[in-house]
Amino acid sequence: MTTMRTFKAMVLTLIVSLWSVSYSYGQACYGAGSCQDFANFGFNSTTAATLEYDNYVSSFHSTVVRDLDGSLKIWGEKTKADGTSSWLVPTPINAGNYPGLTGTPLKVAIGSFGINQVQFALLTSDDKIFVWGAPGFLVSTALVSTANFQQLSIGLPAGVTAANVKMFFGTNQAIILTTCGGDVYVLSPNTNMRTGLGSNTTWARIRKTDGSFLTNIVAARGNSTGAIALDGSGALWVWGFSWDGSTAVANRNRATSLALPAGATGSIKMIGATFGYNVDNYYPTYYILYTSGELYALGNNNYGQLGNWGTTNSATWVQPRYTSASGPVMTDIKWISPNEHDLGYGAINVLTNTKMIYAWGQESGNMLGRSGINGNLLVNPGVPGNFQPGYTNTNIIAVESGGHTTMVLRECNNTFGYVGHRTNGSMGDNVAISDYDPVYHFNTNAVAVCGAQTVSASIGTSYNGPYIVGNTLQLSGTPTGGTFSIDPSTASAATLSGNTLTFNTAGTVRVNYTVTAGSCGSVTIQKLFDVVNPASTFTLPGNIWNDANGNVATDGSEGG
């Protein structure tokens, strides 16, 4: 009995299970709030009013995605509940993996500043906020001084419920919360970020220069020292260290109107900001994207963040250009993703109407896939140069810029593309080693991201792990009629007979499924399994367990 119980305890404690990707191409997402549309994301995004920025959120080496069912998956640096160790594959945010969690996970904010300096905040349906990771990189250490997963004592701003939160944006040392009613609150140890209001342990509701509250906001983003917001009438507002569209950067202690570019057509669809280190301060670079596809930039340009092939700051709006300082301006942009969650390198990736990505700004550790050199470089607008064989810069439908990485989703591929510094599981491939990768690799784990469904095929399993050496499980494929195979890269780690898979050794097992899938034609999708050896002693967290074959029982019913 003791041996059986410790084995069961080990199985439950090592919950690192992968989820099966099961959905129909173009399926709407579940769990959208009253004032947002989670499917309004990436290449499928439309208007500003309900646009969802944060189905894919990456900091320096950590990532969260929203799955099609509305659930959240997390992986990378310091993502586990102890706040110090890392999930090496995308893992559900739930009470089993994060003891003490209550309610339904709704939104995650991340703030980071380089390697191993990242903190997370989770908003749940029962109006609570939970925090974990390195203290001080998202909220003040006066609120949270330890790394473990814990409830934030102050909760939401007075009168605000989780159901009324439209945007829960995180950056280094700040959370910017936008309500469905258009109010904006900031929790930050930086006085300039909260416009001198409140304290480092309280929410500050942002006011305008006339003393009235900032209202009717549909999106608010920023960096560690300042913010930019878009209101329902199409006007822009800035505060903290900011530009106003005509004069030099200044520390503005109230939300100030930001002049719009002259001659732009359409309405503003997206806003964003990145950083530009200048002596003692991280001054912002702003981006605004119009529904016409026109892109504009303003602010710091020390690493070419403006995309105009220069390095001179601009207090007025300029248009990024494709080929040279006198080349065509960008007028066919569908989505923008600046590095906004980490206080590091000023850079941006954009997605065109032709489903290609362009990138520019400050590239470090190959994070843009542009230079091929592991350095700290300025790169002007251009396309990534290297993709894993069989993949190209085509059919991209989502892109997310991290502080040291870029990730993309590509039609007809169920794994995601990754370039830049991979470490502590940041690539989601069950590998913790550190390497600077100049090539977009798709040798990752399958992810399904709300609003950016890539392929109408999936691999299901008779149980969802954990996976133990000696396990035998049944595979199922959607659509039916395809063929399973073990990927040659892990051929000796498992045995496959028809659709029956047996794990032979600990480590990574990759299973392929080749099938005809809708408009994608014949595709080969992949599922990654993290297989572990049985261990002798673990703590049993509760009375539900899975045995080695995935059978479920409760204490008292498992036998001898």
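Residues numbered from 1 in each chain as written. Predicted model: local features only at pLDDT ≥ 70, side-chain atom pairs only at ≥ 80, totals over all residues. Heavy atoms only, no water.

Remarks on the overall build of the protein chain
In plain terms, the rule: Numbering of helices and strands runs from the N terminus, with a helix taken as a DSSP run of H or I at least four residues long and a strand as a DSSP run of E at least two residues long. A simple rule labels every residue: compare its accessible area, found with a 1.4 Å probe on the protein chains alone, to the largest value its type can have, and call it buried under 20%, exposed over 50%, or partly exposed in between. Here, residues are in contact when the closest pair of their heavy atoms is within 4.5 Å. Each accessible area is a Shrake-Rupley result for a 1.4 Å probe, and residues are judged covered by the shown protein chains and nothing else.
Helices and strands together make up the secondary structure of the protein chain, namely one helix and 38 strands. Going through the 560 residues of the protein chain one by one, you find that 59% of them count as buried. In the protein chain, once contacts between residues fewer than 6 apart in sequence are set aside, the share between residues at least 24 apart is 53%. As displayed, the protein chain offers around 18,400 Å² of accessible surface, 51% of which is attributable to carbon and sulfur atoms.

Notes on the state of the cysteines
Disulfide: a covalent bond connecting the sulfur atoms of a pair of cysteines. Here is the rule we go by: The disulfide criterion used throughout: a pair of cysteine sulfur atoms within 2.5 Å.
Counting across every chain of the model gives two disulfides. The residue that forms a disulfide with Cys-35 is Cys-180, at a sulfur-sulfur distance of 2.1 Å. Since a negative S-S torsion denotes a left-handed disulfide, the Cys-35-Cys-180 link at about -65 degrees is left-handed. Here Cys-35 is found in the loop between helix H1 (2-13) and strand S1 (56-58), whereas its partner Cys-180 is found in the loop between strand S10 (174-179) and strand S11 (184-187), with 145 residues between them in sequence. Residue classification places Cys-35 among the buried positions, given a relative accessible area of 14%. Under the relative-accessibility criterion, Cys-180 is labelled partly exposed at 25%.

Brief notes about the sheet that holds strand S8 (residues 150-151)
Counted only if it meets this: When DSSP finds two or more bridges between a pair of strands, those strands are recorded as paired.
Across the sheet, which stays open at both edges, the four strands sit in the order S5-S6-S7-S8 with antiparallel pairing between neighbours. Where the open sheet ends on each side, the last strands, each with one partner, are strand S5 (105-112) and S8. Bridge count for strand S7 (residues 129-133) against S8 is two bridges, and the pairing is antiparallel. Across the sheet, residue Val-131 finds its bridge partner in S8, namely Gln-150.

Brief notes about the environment of Tyr-463
Within the secondary structure, Tyr-463 sits in the loop between strand S29 (458-461) and strand S30 (467-468). We classify Tyr-463 as buried; its relative accessible area is 8%.

Overview of the sheet that holds strand S4 (residues 87-92)
For clarity, the cut-off: Throughout, an axis means a line fitted to C-alpha atoms (over the contacting stretch in the case of helices), and angles, computed between N-to-C directions, take values from 0 to 180 degrees.
Across the sheet, which stays open at both edges, the four strands sit in the order S1-S2-S3-S4 with antiparallel pairing between neighbours. The sheet is open, and its two edges are formed by S1 and S4, each paired on a single side. Looking at each pair of strands side by side, their axes are set apart by 10 degrees on average, direction ignored. Alignment of strand S3 (residues 72-76) against S4, held across three bridges, turns out to be antiparallel. For Gly-76, the partnering residue across the bridge sits in S4 and is Trp-87.

Here we look at the pattern of salt bridges
The criterion, for reference: Salt bridge, as used here, is a side-chain nitrogen of Lys or Arg placed within 4 Å of a carboxyl oxygen of Asp or Glu.
Applying the stated criterion to the full structure yields nine salt bridges. A salt bridge links Arg-221 to Asp-54, with the shortest nitrogen-to-oxygen separation between them at 2.8 Å. Of this pair, Arg-221 sits in strand S13 (residues 217-222) while Asp-54 sits in the loop between H1 and S1; the two residues are 167 residues apart in sequence, bridging distant segments of the chain. In terms of burial, Arg-221 and Asp-54 fall into one category: buried. Notably, a salt bridge pairs Asp-437 with Arg-422, separated by 3.5 Å at the nearest N-O pair. Here Asp-437, found in strand S28 (residues 435-441), pairs with Arg-422, found in strand S27 (residues 417-422); they are 15 residues apart in sequence, far enough to count as distant. Taking the relative accessible area as the measure of exposure, Arg-422 reaches 17% and is therefore buried.

Overview of the confidence of the model for the protein chain
Which entries qualify depends on this criterion: For every residue, the predictor states its confidence as a pLDDT score lying anywhere from 0 to 100.
When pLDDT is averaged along the protein chain, the result is 88; 89% of the residues meet or exceed 70. With pLDDT under 50 throughout, residues 1-27 is counted as low confidence; its partners more than four residues away or in other chains account for 82 contacts. In the model, residues 536-560 has pLDDT below 50 throughout and makes 43 contacts with residues more than four positions away in sequence or in other chains.

Looking at the pairing of strand S9 (residues 165-171)
Regular strands have side chains that alternate between both faces of the sheet. Counting buried residues in S9 gives seven out of seven residues, a clear majority hidden from the surface. As judged from the six bridges shared by S9 and S10, these two strands associate in the antiparallel manner. For Phe-169, the partnering residue across the bridge sits in S10 and is Ile-176. Taking the residues between adjacent antiparallel strands as the criterion, S9 and S10 are bridged by two residues, where Gln-173 takes a positive phi near 65 degrees.

Topic: the packing of aromatic side chains
Basically, it comes down to this: To pair, rings of Phe, Tyr and Trp, with the six-membered ring standing in for Trp, must have centres within 6.5 Å; the planes then decide the type, stacked if under 30 degrees apart, edge-to-face if over 60, and tilted in the middle. By definition here, charges over rings are those cases where NZ of Lys or CZ of Arg is within 6 Å of the ring centre and within 35 degrees of the ring normal.
Across all of its chains, the model carries 19 aromatic pairs by this definition. Ring centres 5.1 Å apart and planes at 5 degrees place the aromatic pair Phe-130 and Phe-149 in the stacked group. Pair noted here: Phe-130 is in strand S7 and Phe-149 is in the loop between S7 and S8, with a separation of 19 residues, a long-range link. Grouping residues by exposure puts Phe-130 and Phe-149 together as buried. A centroid spacing of 5.0 Å and a plane angle of 85 degrees characterise the contact between Tyr-467 and Phe-529, whose relative ring orientation is edge-to-face. Highlighted residues: Tyr-467 in strand S30 and Phe-529 in strand S36 (residues 522-532), separated in sequence by 62 residues. Just as Tyr-467 is buried, Phe-529 falls in that class too. The rings of Tyr-98, Phe-120, Phe-130, Trp-132 and Phe-149 are connected pair by pair, giving a single aromatic cluster. The positively charged end of Lys-355 is found above the aromatic ring belonging to Phe-43, 4.9 Å away from the centroid. The residue whose ring lies beneath Lys-527 is Phe-529, and the NZ or CZ to ring-centre distance is 5.6 Å.

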